[in-house]
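So you can see what is in the structure, the chains are spelled out below.
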Amino acid sequence: MPKSSSRSSVKLLIIYTGGTVGMVYDNATGTLHPIGFKAIRENIPEIARLGFEYQVHAFNPPLDSSNMSPDVWVELSSIIEKNYDIYDGFVILHGSDTMAFTASALSFMLENLGKPVVLTGSQLPIGEIRNDAKENIITALEIAAAREKGRALVPEVCIYFDFQLFRGNRSKKYNAEKFEAFYSMNYPPLAEAGIEIKYKKPFILKHPEKPLLVHRKLDPHIAVLKIFPGIPQEVVDAVLNIPGLKAVIMETFGSGNAPTAGWFIESLKNAIRKGITILDVTQCDGGAVELGRYETSALLKEIGVVSGHDMTFEAAVAKLMFLLGQKISRKELERQIETPLRGELTRG
Ligand code: ASP
């Protein structure tokens, strides 16, 4: 973004939740532990030269994102709601481990979002000589501040990491050691940062016509059933009979296929009869569930399994918690699961 007087009128809120981005090595134990935002700022003096105003809301203590939970998602959405009219954009510094879950959850909780919410973090701590934290934070701030004709360029929840901007609910952490930790297999990047930041406008969500609506009710009564060859009946039944269970994400093979054994189909049928929603999401990172394409998924369709289409596992978790919290009928919930609400799935 060129330096101009309009830039100095942009106000951003940085929400620092924790993560490697703000960690240091403990010499005694050799493990990484979180530090405060002050120490981060000291390591990026360039922030002061960006030219826009910003304020910081720092979690105390900072969180390793493995401890992320729906309660924190509610807290984040409340911070954004409270500050929505004051700031032009939000940057959330977050551990990379569960960043895609948080981005997915916020995308559903923040309906009619008209301002950027950019999550970023890093693979190496800011205090290391070689690190990806500095670039990720500076460019995430630039993206959150980017405007065109007086409006935000990216009015959605997204993840910026290693020169790429992804839709949050399409992203996945796929690599634990590359700087390129995330990808989005089923949706193109929203922007790519090189000498310039190139925005792919046709892929970015349009500005909403209605005011922001924040949903705070999330219901975590879900479970995951990951299918593998030889999965024992006791395992399937143990998951499907969890007391209070409302929905199951069934991670299947390829385009949504699962065993056709009589006991397996019977167990699923019983669960569906008891009112449990079974959502079929593929174990593959790319491509989509297509119920009925193979014999091994036709039966699933017949008994009432719902298709996750090309949704990521992370988006499926967040969407189910969000929809279960909406207190809508099961029929409506299953209809909405298969409907794109925030650009999280493609319906052919
Ligand atoms: N464990 C860290 C976290 O997710 C890893 C990271 O930030 O990359 O908080």
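Going by the structure above, here's the rest.
Residues numbered from 1 in each chain as written. Predicted model: local features only at pLDDT ≥ 70, side-chain atom pairs only at ≥ 80, totals over all residues. Heavy atoms only, no water.

## With respect to the packing of helix α6 (residues 262–273) against helix α7 (residues 295–303)
Then step 1. Between α6 and α7, the shortest axis-to-axis distance is 10 Å and the interhelical angle comes to 25°. It follows that α6 is roughly parallel to α7 by the angle criterion. Of the two possible hands of crossing, α6 and α7 adopt the one that is right-handed. In this structure, α6 uses Ile265, Leu268, Lys269 and Ile272 to contact α7, whose residues at the interface are Leu299, Leu300 and Ile303. (Axes fitted to C-alpha atoms, helices over the stretch in contact; angles between N-to-C directions. Helix = DSSP H or I, 4+ residues; strand = E, 2+ residues; numbered from the N terminus. Parallel < 35°, antiparallel > 145°, perpendicular 65-115°, else oblique. Left-handed = near helix turned anticlockwise from the far one by under 90°. Contact = heavy atoms within 4.5 Å.)

## Here's the deal with the pattern of salt bridges
Then step 1. Scanning all chains against the criterion turns up 19 salt bridges.
Then step 2. Arg342 is paired through a salt bridge with Glu111; the nearest N and O atoms lie 3.8 Å apart. Linking Arg342 in the segment after α9 (330–337) with Glu111 in strand β6 (residues 110–111), this pair joins segments that are 231 residues apart in sequence.
Then step 3. Here Arg342 falls in the buried class, since its relative accessible area comes to 13%.
Then step 4. According to the relative accessible area criterion, Glu111 is partly exposed, its value standing at 24%.
Then step 5. Glu314 is paired through a salt bridge with Lys172; the nearest N and O atoms lie 2.9 Å apart. Here the residue Glu314 occupies a position in helix α8 (residues 313–324), and Lys172 occupies one in strand β12 (residues 172–173), the gap between them amounting to 142 residues. (Salt bridge = Lys/Arg side-chain N within 4 Å of Asp/Glu carboxyl O. Buried < 20%, exposed > 50% of the residue type's maximum accessible area, 1.4 Å probe, protein only.)

## Let's talk about the pairing of strand β7 (residues 117–120)
Then step 1. Side-chain alternation along β7 places Val117 and Leu119 on one buried face and Val118 and Thr120 on a second face that is also buried.
Then step 2. Two elements, strand β5 (residues 89–93) and β7, share 4 bridges in a ladder whose sense is parallel. Bridging across to β7, Phe90 finds its partner in Val117.
Then step 3. As paired strands, β7 and strand β10 (residues 157–161) are joined by 3 bridges and run parallel to one another. Its bridge partner lying in β10, Val117 is registered against Val157. (Pairing = 2+ DSSP bridges.)

## A word on the nonpolar core
Here is a general trend for soluble globular proteins: nonpolar side chains tend to be buried in one another's company.
Then step 1. Leu110, Val117, Ile249 and Leu279 are the most contacted members of the largest nonpolar core, which has 55 residues in total.
Then step 2. For this core, the leading source of residues is α8, giving 10 residues.
Then step 3. Ile47, Ala140, Ala146 and Leu165 belong to the second-largest nonpolar core, a separate cluster that totals 35 residues. (Core = buried A, V, L, I, M, F, W, Y, C linked by side-chain atoms within 4.5 Å.)

## Considering the environment of Tyr294
Then step 1. Within the secondary structure, Tyr294 is located in the loop between β19 (277–282) and α7.
Then step 2. Sequence separation between Tyr294 and Gly256 is 38 residues, and the spatial gap between their C-alpha atoms is 8.8 Å.
Then step 3. Residues contacting Tyr294, with those up to four places away along its chain left out, are Ser255 and Asn257.

## Considerations on the sheet that holds strand β1 (residues 11–18)
Then step 1. Reading across from one edge, β4-β1-β5-β7-β10-β11-β14-β15 is the order of the 8 strands in this open sheet, with mixed pairing throughout. Taken across any chain shown, the strands that pair with only one partner, and hence form the sheet edges, are β4 (53–63) and β15 (197–199). Between one strand axis and the next, the sheet turns by 20° as a mean value, whatever way the strands run.
Then step 2. Looking at chain direction, β1 and β4 are connected through 7 bridges and run parallel. The residue bridging Tyr16 from the neighbouring strand is Ala58, located in β4.

## Focus on the packing of aromatic side chains
Then step 1. For the structure shown, the criterion picks out 8 aromatic pairs.
Then step 2. For the pair Phe101 and Phe313, a centre-to-centre distance of 6.1 Å together with 90° between the ring planes defines the contact as edge-to-face. Taken as a pair, Phe101 in helix α3 (residues 99–109) and Phe313 in helix α8 lie far apart in primary sequence, 212 residues in all.
Then step 3. The cationic tip of Lys11 hangs over the ring face of Tyr87; the distance from NZ or CZ to the ring centre is 5.8 Å.
Then step 4. Above the ring of Tyr84, the side-chain terminus of Lys115 is found at 4.9 Å from the ring centroid. (Phe/Tyr/Trp six-rings, centres within 6.5 Å; stacked < 30°, edge-to-face > 60°. Lys NZ or Arg CZ within 6 Å of the ring centre and 35° of its normal.)

Read these as spatial facts, not as claims about activity.
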